[in-house]
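Observations on the model geometry
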Number of protein chains: 2
Amino acid sequence: MGLAGQVAIIGTGTVKFGENFHQSYTDMVYEAGTAAMADAGVEPGRIQAGWLGTYEPLLYGYEGNAGTFVGDTLNLLPIPITRVAAYCASGMEAVRNAALAVASGEYDLVLAVGAEKMREVPSRGSLVTQAVERGHPVLCKGRTPPGMFALLATRYFKEYGIDEEALGHVAVKNHFHGSLNPKAHFQKPITLEQHARAPKVAEPLGLYDCCPTTDGAAACILTRADLAPRFTDRYVLIRGIAYSVAAGYWNTQFDPAWDFTSFRSTREAAAAAYRMAGVRDPFKEIDVAECHDCFTITEIINYEDLGLCRPGEGAKLAVGGVTRLGGDLPVNTSGGLKSCGHPVGASGVRMINNIVDQLLGRAGRMQVKDARTGLAHTLGGPGAVACVAVLSQP
Amino acid sequence: MGLAGQVAIIGTGTVKFGENFHQSYTDMVYEAGTAAMADAGVEPGRIQAGWLGTYEPLLYGYEGNAGTFVGDTLNLLPIPITRVAAYCASGMEAVRNAALAVASGEYDLVLAVGAEKMREVPSRGSLVTQAVERGHPVLCKGRTPPGMFALLATRYFKEYGIDEEALGHVAVKNHFHGSLNPKAHFQKPITLEQHARAPKVAEPLGLYDCCPTTDGAAACILTRADLAPRFTDRYVLIRGIAYSVAAGYWNTQFDPAWDFTSFRSTREAAAAAYRMAGVRDPFKEIDVAECHDCFTITEIINYEDLGLCRPGEGAKLAVGGVTRLGGDLPVNTSGGLKSCGHPVGASGVRMINNIVDQLLGRAGRMQVKDARTGLAHTLGGPGAVACVAVLSQP
């Protein structure tokens, strides 16, 4: 039968994202998981299986390298807890695999958790370690995430005739949205002038074009759609969720056909998720979206890859206020990675949870009026993989 | 409906295990995946999704840290490939998650791959890195895998009155079996005298009590049981497959109730897998088994935890020849981890593949006569997690 419409999310929990020096990795998993179970009104003893998304356990003494760090922490022993890793899409991959397992009929009530400890760890050293991966010739100074995405911005500018100011509109929007989100890492609005005057990180990307380095965890509880009303009258359906591995880790940049202005992974994952969900015109049918704005240029490219507008028209959506709260299709009302930060394994689950809040009408000052269908999107590796989920009211 | 009996394995591929200096990680993934697809008679373009089990990508330049290393290598782009990590049970977790996805009806034809590069890498350094995981007080010299399992042997000897000679019978059996397996790392029989005279690695465990450090990869192709006959008349059903996270990573050893002679993870995973498969008396119903003999003592404990005999009686099965080829319940006819070696992510898939070969009557000199139902078991983390699969002829 497949999973489309067969799986419901009945509870969510997200910790305050930030520099959580007061919390260990497992402290965050405990808080997010406990909150999600409380929201669903289920005791830990009823959970039958779990999935954990964490990308780089080596950053924090190997915590998160397997399901033990959820089972033990949340007192879920001896149930199965599967750890998945999919670069920046790790969290949404946890939700997707949990949904597949529920759809199989093998488990009625499961947990998905995403978590990452990014601060108070030798993260810079570890990124460097990744960069010395053998066999890839483009390993040179500057090949940091900002450096890589700066290449996209440069090419996009040349191809479509926009400049830094368009990026500024994304930054201003997402910082404004972040100011409405009590769980965001950054909760202060910025101005276009501040964006323009900020120091450059990797030309043309400045400080306000880049998401920060952040600790966080988020969790949600899934059940079969037909069982959801037994638990709660506040739930959301997964209409479609799809993951695409569209390139090797570094190969996005090697592909001679790649034009630096679009990601095949997002296009493929979106096409598959829309097919599952029966979405034909995403701009009209989606009421609210969270997408992977690791950098401001990425959000503009995401608009196009997600089919919300045509290639080259992404900047208009931001500049014209279409994707701002109050616009036709608000994007990243949470503040996005830009304001929430990007604890790698946590982000995909955090996005799902934000969309659930929107569809349940409990998004507080971030609320989009009459949001019935929402979308969440994560991109990873860098650009090699993407995951897209379409959620809706029952 | 659940997955029991709903999923079939229609093709397998396993590389020659060993010190594969001539092969990179992706070379091995390519060889195993290509062989599995050829065995199933399917082209790469028909595979709809994949799962990869690799535990320590940091050992080999991060290869295997996400599904890109399968999708790119086997030309499966842009389908989803999920990477799972579950310590030594990583490979079987890949098969389990693949089976859940097939059972969901979302995918008809999927791939599961397990791979690990253990040689030609700074593996010792990385194990040390694991051991300095923060917050665990038992970090001292000797806390290597042999050191940990030596504690079990010592306690088991005291509790049940056996000695090194019983371990020798396991080693002799598995080295004999390995001599029949052209894909084993070690293919030479040993004698009880050689076992007894071998240098100690961690008292009372000697050289022939420990599995070697090995490179390897294995893959299998899964489909829905009702679709299997469209592909082939040689296939095997997954009657049950279950994973248990029964303790925190180090907590097995901390649990005051733990007596060092049994693993709850194996008992829980076996109970769940038997429930799914409808197995009531495993010793009578299972015809052939692969279990996680990382050390000879572990195999004896596994017999008991898997319910093949009562606690304290495991050694008798080995000493009495019951688990030798030709005995009532041959165990590790492949040679086990002892002779095949233990490329961490690969082992669980390799075991599944060995059982498939047995049930299809194509196990060559390892063949168990009239094998109709088989079992595969991996233990990991160390002892914190376990996965058990029950396979049978259709």
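Residues numbered from 1 in each chain as written. Chains lettered and ligands numbered in written order. Predicted model: local features only at pLDDT ≥ 70, side-chain atom pairs only at ≥ 80, totals over all residues.

1. Quick word on the relation of the copies chain A and chain B
Note the threshold: Here the copies are superposed with least squares, the fitted atoms being C-alpha atoms of residues at a pLDDT of at least 70 in both.
After a rotation of 180° and a shift along the axis of 0.0 Å, chain A superposes on chain B with an RMSD of 0.0 Å. As the rotation angle and translation indicate, the two copies are arranged about a two-fold axis. Closest approach to the rotation axis within chain A is made by the C-alpha atom of Ser104(A), at a distance of 1.7 Å.

2. Digging into the confidence of the model for chain A
Residues and elements named next belong to chain A. Rules: pLDDT measures how confident the predictor is about each residue, on a scale from 0 to 100. In this description, any two residues whose backbone-derived C-beta atoms lie within 7 Å of each other are considered to be in contact.
Taken as a whole, chain A shows an average pLDDT of 92; of its residues, 91% reach a score of 70 or greater. Here residues 123-129 scores under 50 on pLDDT; set against residues more than four positions off or in separate chains, the count is 6 contacts. Counting interchain partners and residues more than four positions distant, the pLDDT-below-50 stretch residues 131-140 has 10 contacts. Per the prediction output, this complex has pTM 0.95; the corresponding ipTM is 0.94.

3. Details of helix 12 (residues 296-305) of chain A
All names here are of chain A. Formally: Residue burial here comes from a neighbour count, namely the number of other C-beta atoms, placed from the backbone, that lie within 10 Å of the residue's own C-beta, with 20 or more meaning buried, 12 or fewer meaning exposed, and in between meaning partly exposed. Numbering of helices and strands starts at the N terminus; helices are DSSP runs of H or I of at least 4 residues and strands are runs of E of at least 2.
Of all 10 residues that make up helix 12, 10 are buried, and the element is covered over most of its length. Among the residues of helix 12, those classed as buried are Thr296, Ile297, Thr298, Glu299, Ile300, Ile301, Asn302, Tyr303, Glu304 and Asp305. Here the buried face of helix 12 lies against helix 5 (145-160), helix 6 (164-178), helix 10 (264-277), helix 13 (314-319), helix 14 (336-340) and strand 10 (373-380). Just beyond helix 12, the residue with positive phi is Gly307, at close to 75°.

4. Re the environment of Tyr274(A)
Residue and element names in this part refer to chain A. Within the element layout of this structure, Tyr274 appears in helix 10. The class of Tyr274 is buried, set by 23 C-beta atoms lying within 10 Å. Along the chain, Tyr274 and Leu308 lie 34 residues apart, while their C-alpha atoms are 12 Å from each other. If sequence neighbours within four positions are ignored, Tyr274 has contacts with Gly240, Val279, Pro282 and Val390.

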